[in-house]
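# Topology and contacts: notes
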Amino acid sequence: MTRTQGRVPPYVAVVVAVLAQGTALVAAGLLVTHPPAGWWDPGERGLVGWLAAHRTPALTTVSEWLSALAFTPAVVAVTAAVAALLLIRHRWRAAGWLAGAVALQATLFVTAAHLVDRARPDVVRLDGALPTSSFPSGHVGAATALYGGLGLLALRGVRGRWRVVLCALAWTVPVLVAASRLYRGMHHPTDVLFGVLNGAAALWVVAHALPARERPAPAAPGTSPRLPAALVHNPVAVDPARLEELSAVLAAHGYGPVQHLPGDPDDCGRAAAGRALAGGARLVAACGGDGTVTACAEALAGTDAVLAVVPCGTGNLLARNLGLPTDPAAALTAALTGRTRRIDLMRAEGDGLPVRAAAVMAGIGLDAAVMADTGRALKRRLGWPAYAIAATRHLRDRRFPLTVTVDDAPPVRRQVRTAVVGNVGTLQGGVRLLPDAAPDDGLLDLVLVQPHGPRGWSRALLSLLTGTRHRGPAAPLEHFRGRRIRSTADHPHPRECDGDSVGDGRTLTLTARPNALLVRVPATAQDAPAAPTGPAAAQDAPAVAQDAPAVAQDATAVAQDATAGAGREAA
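In this report, we go over the structure that sits alongside the text. Keep in mind it's a predicted model, so treat the numbers as computed, not measured.

Conventions adopted
- Residues numbered from 1 in each chain as written.
- Predicted model: local features only at pLDDT ≥ 70, side-chain atom pairs only at ≥ 80, totals over all residues.
- Heavy atoms only, no water.
- Buried < 20%, exposed > 50% of the residue type's maximum accessible area, 1.4 Å probe, protein only.
- Helix = DSSP H or I, 4+ residues; strand = E, 2+ residues; numbered from the N terminus.
- Pairing = 2+ DSSP bridges.
- Axes fitted to C-alpha atoms, helices over the stretch in contact; angles between N-to-C directions.
- Parallel < 35°, antiparallel > 145°, perpendicular 65-115°, else oblique.
- Left-handed = near helix turned anticlockwise from the far one by under 90°.
- Contact = heavy atoms within 4.5 Å.
- Nonpolar A, V, L, I, M, F, W, Y, C, P; charged D, E, K, R; others polar.
- Core = buried A, V, L, I, M, F, W, Y, C linked by side-chain atoms within 4.5 Å.
- Salt bridge = Lys/Arg side-chain N within 4 Å of Asp/Glu carboxyl O.
- Phe/Tyr/Trp six-rings, centres within 6.5 Å; stacked < 30°, edge-to-face > 60°.
- Lys NZ or Arg CZ within 6 Å of the ring centre and 35° of its normal.
- Disulfide = S-S within 2.5 Å.
- Patch = residues over 30% accessible without salt bridge, like charges linked within 9 Å, V, L, I, M, F, W, Y side chains within 5 Å.
- Areas by Shrake-Rupley, 256 points an atom, 1.4 Å probe, with all protein chains shown as cover.
- Polar contact = N/O pair within 3.5 Å; in protein donor to acceptor, adjacent residues only side chain to side chain.

Among the 5 residues of strand β10 (residues 418-422), 5 are classified as buried, and the element is accordingly described as predominantly covered. Where burial is concerned, the two faces of β10 agree: the one with Thr418, Val420 and Gly422 and the one with Ala419 and Val421 are both buried. In the sheet, strand β7 (residues 361-365) pairs with β10 via 5 bridges, with the strands oriented antiparallel. Paired with Gly363 across the strands is Val420, a residue of β10. Here β10 runs beside strand β11 (residues 444-449); their pairing, made up of 5 bridges, is antiparallel. Along β11, the bridge assignment pairs Val420 with Val447.

Structural data, given as structure tokens:
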């Protein structure tokens, strides 16, 4: 089934999209070259003439190398090499997308150049007389489709902080190629502009023309025993089509029947996960953001049921830190074909904050203010970059005094922007906010973000990107580790747990809950064979049952701590 089923046949939609792109490109070229009398004057001679008058030997050499990156032989060779590498790795959709986008932009470029037939700029041209016309720029279109596509592939397929750097470098190439074509007198500014648009549109059209990933077929009935499972989902973030897709993945791995349980906004799905356990579910798939995942984790902690994390939210930090793909169906498949792992949870409490679980990070100060100030509509539209927009409004927030106590060590007092305690350490883009954090080490990691002025923010950013450590109150980022971390401010400040605002307060205390949760994670190179799932997972039940008493003891201790905490609040 393709994403266009039920509307128009897929091939018709593809043809319409290609014709629309080509028609728009030709129409734009004719409007630029033959503007209606008196409407506008493109006035493009000035820039190209100025560049031609200020040429230097060094810049001419650089521009020659940059143009060579987008000459036809180079584009064909790079595209073929990357496509072959992707095919070897069984990523046929990515290979078809990149090669198809490069081919489509080239086809439309040749067509538009023939129909528009625009003369090149009236300057000394460094590349001689090329056989095609000036509009649009074929070099820039090819560079945008090829190197822009490589940037997107890096952003989606590379892990770690370098994915953003590689993407930025790839996206810089079309800009530099455009500048070189103007410098060498081969194109007018509008030629390179519509070259960029042609390449970008080709990427979009081919991406939507490729068929969607096939859903795995359900297992034949009666071939093996099936285990009950539940999909606890955020009804705002997960639509019925997505639920059916995920149900098919579960069925293909031997689970069924599958319960669809929407989470309640008041508890993010904790009650729904409880109902799933009561209904006999052996596996609960949490479909939503980190709030939904944590709510399900809290319900499953101390039981022999297993959690599968399905990233359908904005941050999806637990999924990222467990090594799961960002695509929901791919993440569920990776979890079910992987192995079972025990991870820690955190217990969060404070003034006016009832005891609750946290699986990822909790904080007080700037990060919590950003979470509270980011609207749901903006998060749905932009994803996690919406947090960056909200952050710009709080970068000038003043530092505030905070006293931190780690285990039984003497209290430490600092002037901070924010304090973040984490069970995991990696943010979006592979940024390691807490480099030492691991979800199964029984410890919590704290970072005090305390830069002062623009220079301090620059040092903090450099520390994040390089992993450089500094100590003491002058450090832009100061790190601590322990099993129990208590933060106390002089006045109430915003607080958050796993991306959810939990109200202002003076205190925030996080306590580690070691080995509290069973979760499915992708298989690693050391996992041979991979841990069984579905009906075969029933063979693991004795081992899980042996671990259950220890987890139950931890759950009892947590309950006792929660009761004691409630008593302190009442007092």
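Between helix α5 (residues 92-116) and helix α6 (residues 138-157), the least distance of the axes is 9 Å, while the angle of their chain directions is 165 degrees. As far as their axial angle goes, α6 and α5 are roughly antiparallel. α6 is crossed by α5, and the crossing has right-handed handedness. Each of Ala94, Trp97, Leu98, Ala101, Val102, Gln105 and Phe109 in α5 lies in contact with α6, whose residues at this interface are Gly138, Gly141, Ala142, Ala145, Leu146, Gly149, Leu150, Leu152 and Leu153. Broken down by class, the residue content of the contact of α5 with α6 amounts to 12 nonpolar, 4 polar and no charged.

Core analysis: the largest hydrophobic core is formed by 46 residues, its most contacted members being Leu300, Leu307, Val309, Leu318 and Leu324. Top element by residues in this core is helix α11 (residues 290-300). It accounts for 5 residues. Membership of the second largest hydrophobic core comes to 40 residues, among which are Leu98, Val116, Ala145 and Leu203.

To continue, consider the sheet that holds strand β15 (residues 500-501). If you trace the 6 strands from one edge of the open sheet to the other, you get β12-β11-β10-β7-β14-β15, paired in antiparallel fashion. The strands lining the two open edges of the sheet, one partner per strand, are β12 (477-482) and β15. Where β7 lies against strand β14 (residues 495-497), 3 bridges are found, and the strand directions are antiparallel. Following the sheet pairing, Gly363 is matched in β14 by Glu496. Sheet contacts for helix α14 (residues 366-373): β7, β10, β14 and β15; angle to β7, the most-contacted strand, approximately 100 degrees.

Next up on the list: the pattern of salt bridges. What the rule picks out here adds up to 12 salt bridges. For Arg181, the salt bridge goes to Asp127, with nearest N and O atoms at 2.6 Å. Highlighted residues: Arg181 in helix α7 (residues 162-183) and Asp127 in the loop between α5 and α6, separated in sequence by 54 residues. Of the charged contacts, one joins Glu298 and Arg270 as a salt bridge, the two residues approaching to 3.7 Å between their closest N and O atoms.

Now for the packing of helix α4 (residues 72-88) against α6. Put simply, α4 and α6 touch, their axes get as near as 11 Å, and they point 30 degrees apart. Taken as axis vectors, α4 and α6 run roughly parallel relative to one another. In terms of crossing hand, the pair formed by α4 and α6 is left-handed. Of α6, the residues touching α4 (which contributes Val75, Val78, Thr79, Val82 and Leu86) are Ala142, Leu146, Tyr147, Leu150 and Leu153. Along the lines of polarity and charge, the residues of the contact of α4 with α6 split into 9 nonpolar, 1 polar and no charged.

Let us now look at the packing of aromatic side chains. Counted under the stated rule, the structure contains 1 aromatic pair. In this structure, Arg55 packs its charged tip against the face of Tyr183, placed 5.9 Å from the ring centre.

A few words on the pairing of strand β8 (residues 400-406). Side chains on a regular strand alternate between the two faces of the sheet. Of the two faces of β8, only one is covered, namely that formed by Phe400, Leu402, Val404 and Val406; the face formed by Pro401, Thr403 and Thr405 stays uncovered. Taken together, the 5 bridges between β8 and strand β9 (residues 412-416) define a ladder with antiparallel strand orientation. Paired with Leu402 across the bridge in β9 is Arg414. Between β8 and the antiparallel strand that follows it, β9, lie 5 residues; Asp407 among them carries a positive phi value of about 55 degrees. The pairing of β8 with strand β13 (residues 484-493) spans 5 bridges and is antiparallel.

So, about the state of the cysteines. Using the criterion set out here, one finds 0 disulfides in the structure. Here Cys287 stays unpaired: no disulfide links it, and the sulfur of Cys312, its closest cysteine neighbor, is 5.3 Å away.

With that settled, the discussion passes to a nonpolar patch on the surface. A contiguous nonpolar surface patch, about 410 Å² in accessible area, is contributed by Trp162, Val165, Leu166 and Leu169. Given a relative accessible area of 39%, Leu166 falls into the partly exposed group.

Mapped onto the secondary structure, Thr294 falls in helix α11. Overall, the relative accessible area of 3% leaves Thr294 in the buried class. On a C-alpha basis, the gap between Thr294 and Val360 in space is 8.1 Å, while along the polypeptide they are 66 residues apart. Not counting chain neighbours up to four residues away, the residues in contact with Thr294 comprise Ala357, Ala358, Ala359 and Asp498. One polar contact links Thr294 to Asp498, side chain to side chain, over a distance of 2.3 Å.

Keep in mind that these numbers describe shape and distance, not what the molecule does.
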